[in-house]
Amino acid sequence: MITAVLLLCSAALFYFSFPNVLSVHGAPFLAWGCVLPLLRVFDGRRVRDRFLLGLAWGVLAHGMLVSWLFPVSAGGWAVFVLALAVQGAVFAVLFPFTAPSRTFQLFLVPCAWVASEWIRAIVLGGFSWSLGYAQAGVPEVIQAASIGGAYAVAWGIVFANTAAYLLWRTRGQRSRFWALPVLVLALAVCGGALRLLLAPPVTEQASPTENIVRVAAIQPNISRELKTRPDLYDAHALRHMAMSKKAVTAGWLGNDDLGVGPETGFTDDILTDLKWRPRLEAAARGMGVNILVGSALLWEGRDLNSAVLLSSSGDWRSVYHKMRLVPFSEFTPRGAERLAATLGLGKYHFSAGVRPGNMTLPGGRRFGVVICSEEFYPEMFQRLSAAKPEFAVVMLNDGWFTRLEALYLHALAAPLRAVESGMPLVRASNTGRTCAFDAYGRMIGRSPSVGRSDVAVYDMPAPAGRTAYAKYGDVFALMCLVFVIIMRVLIQMHRSKTRTP
């Protein structure tokens, strides 16, 4: 009974630290205690028992976290929860049940957590949903992501949980030991605060003398039920055109600036559309602004979820095809057709692109593009950053979310990606959350209300330069995994020697 209560308590603290049914902003401070009950559950148990308990925790925690998916697709929710729950089971197996000293335990436990998150990301093809995302709204804490990604933030959280648990277990004995965790956490937080202190201040609007790019994000707020109706295609196209003109006028956009629509703003192939293609070209020339259009292209016999750049002179300059498609939503994995049919999934059959979305405006300014769920793939931004773009754009269609906390939960990835890559980032969403962040994860400009038709104009700040994480990727997570494996081997060898007569 106590075990069940502790598991539920840990899962609930995890859930409420993220955007949830009670608060769309969540309570990030709860994450700093959410792992503590789980450590008590695992301590002293055999591997098999820990595995089952870890899996149960994963199902509870992530089942609540993505409960907003259940009304959309019960089958998709079940598959997604089981996939996310892998992390809890892996952490349970890697959990250091014995260690030479409390100091080793203090470092082994957070390393085991990071290793489990990284292994799950590998299993899911690169998708990352880290505990560190809970701190997305606390810029001072997430600066560590510039070195170790969201994994470094998660490491700090679990480190604090482990220190508190060891303090409780030893009833405060050897108080000098606790100078170490206090020092580590203080250095981490102070380092983040210092990085922000040295960063350029956040400004609402750039000076007229500054050589900046102004980006207008269009939020048309078209529901998922209406978005794909063929009889409303022309009406939706007119709305996008009208909002584009409104954005240009409101933001005083010029030839070097960019207007961004949401993912698949044009649900048919805009490049073969004899009616709306010439209208868009004429609008771009008339407004004198570049436009990034979301469209479902038919390209060489394949359906593609794409972003197309239309220049201010009316020329189609660049095309990006989404590379990371959502399984069972945008495509059906090979061999899983029967499962998809059983679960009522697999409505769309897109093909994946093969090149990252590096684009260049007519004036020579470079930027990167990702589409919707790709925001959760750190390696997408690493690849973009290699071309040294000045900012990144995320085009989203979140109209299928039925609960508000889901929109805020999705948006947590944006400030982490900005800090990891050192690039400012703009989100242009169909229904929200449309927003922008500087290269330090701080929100800039105005964020339109979710579920409202609106436009937002952002003056893009300068990038922070390519970060260590952008250059070296998940080296920190790999080091954590190697450290755990080496320590487990050494501990096992030591135990074998002590048992030998």
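Note that the structure is a prediction, hence the values are computed from the model and not measured.

In terms of helices and strands, the chain carries 17 helices and twelve strands. Projected onto its principal axes, the C-alpha coordinates of the chain cover approximately 85 × 55 × 40 Å. Taking all 501 residues of the chain together, the buried fraction comes to 54%. Counting 48 positive and 32 negative side-chain charges, the chain places the centres of these two groups 11 Å from one another.

Locating R214 in the fold gives a position in strand β1 (residues 214-219). A polar atom in the side chain of R214 sits 2.5 Å from the side chain of D459.

Taken as a whole, the second largest pocket spans an internal volume of roughly 440 Å³. Taken together, 21 residues line the second largest pocket, and the ones lying closest to its centre are A144, A152, W155, G156 and A188. No other element matches the eight residues that helix α7 (residues 145-169) contributes to the lining of the second largest pocket.

Turning next to helix α10 (residues 233-251). For α10, with 19 residues, the first-to-last C-alpha span of 27 Å sits near the 27 Å given by 1.5 Å per residue. The secondary structure elements touched by the buried residues of α10 are β1, α9 (224-227), α11 (276-287) and β12 (454-459). In the segment just after α10, W252 is the residue with positive phi, at about 50 degrees.

We now examine the sheet that holds strand β6 (residues 357-360). Taking strand neighbours across the sheet as the criterion, the six strands line up as β6-β7-β8-β9-β10-β11 in an open arrangement whose pairing is mixed. In this open sheet, the two edge strands, each paired with only one partner strand, are β6 and β11 (443-444). Bridge analysis of strand β9 (residues 425-429) against strand β10 (residues 435-437) gives three bridges, and the strand direction is antiparallel. Note on β10: the bridge partner recorded for V426 is A436.

Further remarks concern the packing of aromatic side chains. Enumeration according to the criterion identifies 23 aromatic pairs in this entry. Between W68 and F401, the ring centres sit 5.1 Å apart and the planes meet at 80 degrees, which makes this aromatic pair edge-to-face. Here W68 is found in the loop between α3 (47-65) and α4 (74-94), whereas its partner F401 is found in the loop between β8 (391-396) and α14 (404-411), with 333 residues between them in sequence. A relative accessible area of 5% places W68 in the buried class. Taking the relative accessible area as the measure of exposure, F401 reaches 13% and is therefore buried. The interplanar angle of 40 degrees and the centroid separation of 6.0 Å between the aromatic rings of F107 and W155 together place this pair among those described as tilted. One end of the pair, F107, is in helix α5 (residues 102-123); the other, W155, is in helix α7, and 48 residues separate them in sequence. Three or more aromatic residues joined by ring pairs form one cluster here, namely F14, F18, F42, W57, F91, F95 and W113. Between R279 and the ring centre of W276, over which it is positioned, the NZ or CZ distance is 4.6 Å.

For the chain, the average pLDDT comes to 89, and 92% of its residues sit at 70 or higher. Mean pLDDT across the elements of the chain bottoms out in helix α12 (residues 337-343) (65) and peaks in helix α15 (residues 413-421) (97).

What follows concerns the pattern of salt bridges. Tallied over the full model, the rule gives 13 salt bridges. The partner of R229 in a salt bridge is D231, and the shortest N-O contact between them spans 2.7 Å. Note that R442 is salt-bridged to D438, the shortest N-O span being 2.8 Å. Since its relative accessible area comes to 14%, R442 is described here as buried.

Okay, a positive patch on the surface next. Where like charges cluster on the molecular surface, the positive patch consists of R366, K388, R466 and K471. Mapped onto the secondary structure, R366 falls in strand β7 (residues 366-371).

What follows is about the packing of α3 against α4. Interhelical geometry of α3 versus α4 gives an angle of 140 degrees and a closest axis separation of 7 Å. With respect to α4, the element α3 is oriented oblique. In the crossing of α3 with α4, the sense of the turn from one axis to the other is right-handed. The segment α3 lies against α4, with V47, R50, F51, G54, L55, W57, G58, V59, H62 and G63 engaging W77, V81, L82, L84, A85, Q87, G88, A89, A92 and V93. The class makeup of the residues in the contact of α3 with α4 is 13 nonpolar, six polar and one charged.

Below, the discussion takes up empty space enclosed by the protein. Over the atoms rolls a probe the size of a water molecule, and in doing so it shows where empty space is left. In total, this model carries four cavities of 30 Å³ or more according to the counting rule given. A volume near 100 Å³ is recorded for the largest cavity. Contributing to the lining of the largest cavity are 13 residues, with H240, G261, F266, I291 and V293 lying nearest its centre. Those elements that place two or more of their residues in the lining of the largest cavity are α10 and β3 (290-299). A total of four residues in the lining of the largest cavity trace back to one element, the largest contributor, which is β3. When its residues are assigned to classes, the lining of the largest cavity shows eight nonpolar, five polar and no charged. Taken as a whole, the second largest cavity spans an internal volume of roughly 70 Å³. Lining the second largest cavity are L39, D43, F95, P96, Q105, V109, T162, Y165, L166 and R169. Each residue belonging to the lining of the second largest cavity can be placed in one class, and the counts come to six nonpolar, two polar and two charged.

Here is what the cut-offs are and how they apply
- Residues numbered from 1 in each chain as written.
- Predicted model: local features only at pLDDT ≥ 70, side-chain atom pairs only at ≥ 80, totals over all residues.
- Heavy atoms only, no water.
- Helix = DSSP H or I, 4+ residues; strand = E, 2+ residues; numbered from the N terminus.
- Buried < 20%, exposed > 50% of the residue type's maximum accessible area, 1.4 Å probe, protein only.
- Lys, Arg positive; Asp, Glu negative; His and termini not counted.
- Charge placed at Lys NZ, Arg CZ, Asp CG, Glu CD.
- Polar contact = N/O pair within 3.5 Å; in protein donor to acceptor, adjacent residues only side chain to side chain.
- 1 Å grid on protein atoms, 1.4 Å probe; cavity = no way out; pocket = protein on both sides within 12 Å on 5 of 7 lines; lining within 4 Å.
- Points joined across faces, edges and corners; volume = space filled by probe spheres on them.
- Expected span 1.5 Å × (residues − 1).
- Contact = heavy atoms within 4.5 Å.
- Pairing = 2+ DSSP bridges.
- Phe/Tyr/Trp six-rings, centres within 6.5 Å; stacked < 30°, edge-to-face > 60°.
- Lys NZ or Arg CZ within 6 Å of the ring centre and 35° of its normal.
- pLDDT = per-residue confidence, 0-100.
- Salt bridge = Lys/Arg side-chain N within 4 Å of Asp/Glu carboxyl O.
- Patch = residues over 30% accessible without salt bridge, like charges linked within 9 Å, V, L, I, M, F, W, Y side chains within 5 Å.
- Areas by Shrake-Rupley, 256 points an atom, 1.4 Å probe, with all protein chains shown as cover.
- Axes fitted to C-alpha atoms, helices over the stretch in contact; angles between N-to-C directions.
- Parallel < 35°, antiparallel > 145°, perpendicular 65-115°, else oblique.
- Left-handed = near helix turned anticlockwise from the far one by under 90°.
- Nonpolar A, V, L, I, M, F, W, Y, C, P; charged D, E, K, R; others polar.

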